[in-house]
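A look at the structure
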Amino acid sequence: MTVNGSPVRRRIPARQHLVDFLREELGLTGSHIGCEHGVCGACTVRVDGDIVRGCLMLAVQANGCKVDTIEGLSDSGELEALQKAFHERNALQCGFCTPGMLMAAQDLVLQKARCSREEIKRHISGNYCRCTGYQAIVDAIEQVLNGQG
Amino acid sequence: MKAPSFAYARPGTLAEAFDLLERHGEGARILAGGQSLIPSLNMRLSSPELLVDITGLAGLSGIESLPKGLRIGALVTHAQIERSPEVKRHAPLLAQAAPHIAHPAIRNRGTLGGSLALADPAAEYPACAVALDATLVIAGKKGERRVKAGAFFKGLFETDLRPGEILAAAEFPPADKAVFVELARRHGDYAIIGLAGTQAASRKRFVFLGAGATPILAVNASKASSLEEAREVLGKDLDPPADLYHSSATKLHLARVLLERAWNKL
Ligand SMILES: Cc1cc2nc3c(=O)[nH]c(=O)nc-3n(C[C@H](O)[C@H](O)[C@H](O)COP(=O)(O)OP(=O)(O)OC[C@H]3O[C@@H](n4cnc5c(N)ncnc54)[C@H](O)[C@@H]3O)c2cc1C
Ligand code: FES
Ligand code: FES
């Protein structure tokens, strides 16, 4: 598969899910692991352009795919505006949820030019944050999407 | 938690898939989008020997117009259904239901076939399939058979699928009007209760999810000639099981609220 633009080849056990592969085999520890059953969104990564739960996809299923993680999107500058807005709006405290939150938020930014707070909330409804509260996060995403908030 | 170990195969043809399923019998599980199966493996609720990944099989994907209605392949994802202009035009009930299923990252992988085959009593598509009187196309080693949605859902997580069979597609006849409504604690959570309503040739069909072990066609309410009558007789149609947070009476009350919302839109 191609991870953040570089080709990688490994032999791995079938049961290894994609985030474990990224973290343990490739040392890409930006994608986090929370619940491992699809509920928290901390493990969100992009496969062939679509966001997915990294804990609900086997690494073997990503064979031949293009995988992008928070590290790749951050290095390429794609997330610059969101990162700046999260920082300015204090949209994180411990930061555990932040990589997944940014991946989900960027997915919305790519799909829509503008959108309502309601749509933003719906889009990140699958990402849990246990400390910040969601207002600041929605504010930050709104700032990037609508230039306000 | 981590999944127990298992083998993995990704057959390229249906014949190969049937072969694998037959050889491994009960030890084999079909893997589609994995959005229900992988959580259950991670939690060690099941421990198959072999996962047969069907996502490489041709013929199970794609959305196709029929002379009457729409055929949707088992591997079509919730996200594809949500975005498809054909679905919006020919099966708007499904287009309305899809955004209620989980969250965007899960909808990008979860499939129609997986949701129908799993038959979760709180899932959206099974109720939609019954409301639209869909026909499910099931592929087996000896060929194809077709089953009406109403007969496919047999019990809690129990369907008419036999060992070794693969759900290939579902065919949805058109309806004149359709409406999908549900109540959930938080957007994307499984519904507390939901309702798929259709009207075809001035006949209404109200099918509830989260109101029993399978989707439940409210026979009496569907025949009622006024909203008052429908609300009244719904008590004969439904005896919803209580869940952790809602008593049976609360659920029946919520079902009546949904019935009113749906009635006014049909
Ligand atoms: C956090 C979370 C929230 C969710 N919320 C909802 C929700 O609100 N509503 C909802 O409906 N769903 C919800 N889901 C489940 C999701 O919709 C699943 O995608 C769906 O239930 C199963 O589809 P799948 O393709 O992922 O199937 P898999 O997980 O791959 O398979 C599910 C089961 O069906 C069998 N199977 C799959 N495809 C076939 C086939 N073609 N023929 C025969 N057997 C097959 C498998 O063997 C397995 O037993 C949620 C999931 C998560 C993780
Ligand atoms: S770790 Fe994947 S959703 Fe929680
Ligand atoms: S900042 Fe701590 S979980 Fe969100």
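Residues numbered from 1 in each chain as written. Chains lettered and ligands numbered in written order. Predicted model: local features only at pLDDT ≥ 70, side-chain atom pairs only at ≥ 80, totals over all residues. Heavy atoms only, no water.

1. Topic: the interface of chain A and chain B
Taken together, the 24 residues of chain A in the interface contact 29 residues of chain B. The junction of chain A with chain B conceals about 2200 Å² of combined surface from both sides, 56% of it contributed by carbon and sulfur atoms. The three residues of chain A that bury the most area against chain B are Arg15(A), Leu56(A) and Gln61(A), which together make up 28% of that side's buried surface. Counting the contacts that link chain A with chain B gives 2 salt bridges. Salt-bridge contacts for Lys2(B) lead to Glu36(A); the nearest nitrogen and oxygen are separated by 2.8 Å. Applying the counting rule to chain A against chain B returns 12 residue pairs in polar contact (both at pLDDT 80 or more). Listing elements by their share of the side of chain A that touches chain B, those giving two or more residues are strand S4 (50-53) and helix H5 (117-123) of chain A. Considering every element that reaches the side of chain A that touches chain B, the biggest residue donor is S4(A), with 4 residues. A per-class count over the side of chain A that touches chain B returns 10 nonpolar, 8 polar and 6 charged. (Contact = heavy atoms within 4.5 Å. Buried area = accessible area lost by both parts, 1.4 Å probe. Salt bridge = Lys/Arg side-chain N within 4 Å of Asp/Glu carboxyl O. Polar contact = N/O pair within 3.5 Å; in protein donor to acceptor, adjacent residues only side chain to side chain. Helix = DSSP H or I, 4+ residues; strand = E, 2+ residues; numbered from the N terminus. Nonpolar A, V, L, I, M, F, W, Y, C, P; charged D, E, K, R; others polar.)

2. What to know about the packing of helix H11 (residues 227-237) of chain B against helix H12 (residues 248-265) of chain B
Packed helices, taken two at a time, are described by the angle between their axes plus the distance between the axes. Residue and element names in this part refer to chain B. Relative orientation of the contacting elements H11 and H12 amounts to 150°, with a least axis distance of 10 Å. When the interaxial angle is binned, H11 and H12 end up roughly antiparallel. Crossing handedness for the pair H11 and H12: right-handed. From H11, Leu227, Ala230, Arg231, Glu232, Leu234 and Gly235 reach across to H12, where they touch Leu252, Ala255, Arg256, Leu259, Glu260, Trp263 and Asn264. Class assignment of the residues belonging to the contact of H11 with H12 gives a composition of 7 nonpolar, 2 polar and 4 charged. (Axes fitted to C-alpha atoms, helices over the stretch in contact; angles between N-to-C directions. Parallel < 35°, antiparallel > 145°, perpendicular 65-115°, else oblique. Left-handed = near helix turned anticlockwise from the far one by under 90°.)

3. Brief notes about the domain arrangement of chain A
Residues and elements named next belong to chain A. Segmentation of chain A into domains returns domain 1 (2-74) and domain 2 (79-145). Once you take the C-alpha centre of each, domain 1 and domain 2 turn out to be 21 Å apart. Facing the 18 residues of domain 1 at the interface are 16 residues of domain 2. Taken together, both faces of the contact between domain 1 and domain 2 bury some 1300 Å²; the carbon and sulfur share is 63%. (Domains from an automatic or database assignment.)

4. Section: the domain arrangement of chain B
Under the domain assignment used here, chain B contains domain 1 (7-53), domain 2 (63-172) and domain 3 (177-265). Placing the centre of domain 1 of chain B and that of domain 3 of chain B at their C-alpha centroids yields a distance of 35 Å.

5. Here we look at the pattern of salt bridges
Residues and elements named next belong to chain B. Counting across every chain of the model gives 23 salt bridges over all chains. Between Asp19 and Arg23 there is a salt bridge, and its shortest N-O distance comes to 3.7 Å. With Asp19 and Arg23 both in helix H1 (residues 14-24) and 4 residues apart, this pair spans about one turn of that helix. For Arg23, a relative accessible area of 59% corresponds to the exposed category. Linking Asp189 and Arg186 is a salt bridge whose minimum nitrogen-to-oxygen distance equals 2.7 Å. On the accessibility criterion, Arg186 (26% relative accessible area) is partly exposed. Several salt bridges converge on common partners, so that one network encompasses Asp19, Glu22, Arg23 and Lys141. (Buried < 20%, exposed > 50% of the residue type's maximum accessible area, 1.4 Å probe, protein only.)

6. Remarks on the site of ligand 1
Near ligand 1 you find 33 residues, and of these Ile30(B), Gly34(B), Gln35(B), Leu37(B) and Thr111(B) are the closest. The site occupied by ligand 1 is bordered by residues of chains A and B. Ala32(B) places a main-chain nitrogen or oxygen 2.8 Å from an oxygen atom of ligand 1. In this structure, Thr111(B) approaches ligand 1 through a side-chain N or O atom, which is 2.6 Å from an oxygen atom. Relative to its unbound accessible surface of 960 Å², ligand 1 loses 93% to contact with the protein. Going through the elements one at a time, strand S2 (28-31), helix H7 (112-118) and strand S10 (166-172) of chain B are the ones with two or more residues in the shell around ligand 1. When residues in the shell around ligand 1 are grouped by element, the largest group, 4 residues, is from H7(B). Taken together, the residues of the shell around ligand 1 break down into 17 nonpolar, 13 polar and 3 charged. (Near = heavy atom within 4 Å. Areas by Shrake-Rupley, 256 points an atom, 1.4 Å probe, with all protein chains shown as cover.)

7. Focus on the sheet that holds strand S4 (residues 63-66) of chain B
Neighbouring strands of a sheet are bound in pairs by backbone hydrogen bonds; such pairs are parallel or else antiparallel. All names here are of chain B. In spatial order, the strands read S4-S5-S10-S6-S7; together these 5 strands make up an open sheet with antiparallel pairing. Both outer strands of the open sheet, S4 and strand S7 (143-148), are each paired with one neighbouring strand and no more. Across the sheet, the mean angle separating the axes of adjacent strands is 25° when strand polarity is ignored. For strand S6 (residues 135-140) and S10, the ladder comprises 5 bridges, and the chain directions are antiparallel. When the bridges of S10 are listed, Val137 appears paired with Ala169. Each of S6 and S10 is contacted by H1, which is oriented at about 125° to S10, the strand it contacts most. (Pairing = 2+ DSSP bridges.)

8. Some points on the sheet that holds strand S14 (residues 216-217) of chain B
All names here are of chain B. Strand order in this open sheet of 4 strands is S11-S12-S13-S14, and the pairing throughout is antiparallel. Among the strands making up the open sheet, the edge pair consists of strand S11 (177-183) and S14. The pairing of S11 with strand S12 (residues 193-200) spans 7 bridges and is antiparallel. Paired with Ala178 across the bridge in S12 is Thr198. Along the sheet face, helix H8 (residues 124-131) touches S11, S12 and strand S13 (203-209) and points at about 160° away from the line of S13.

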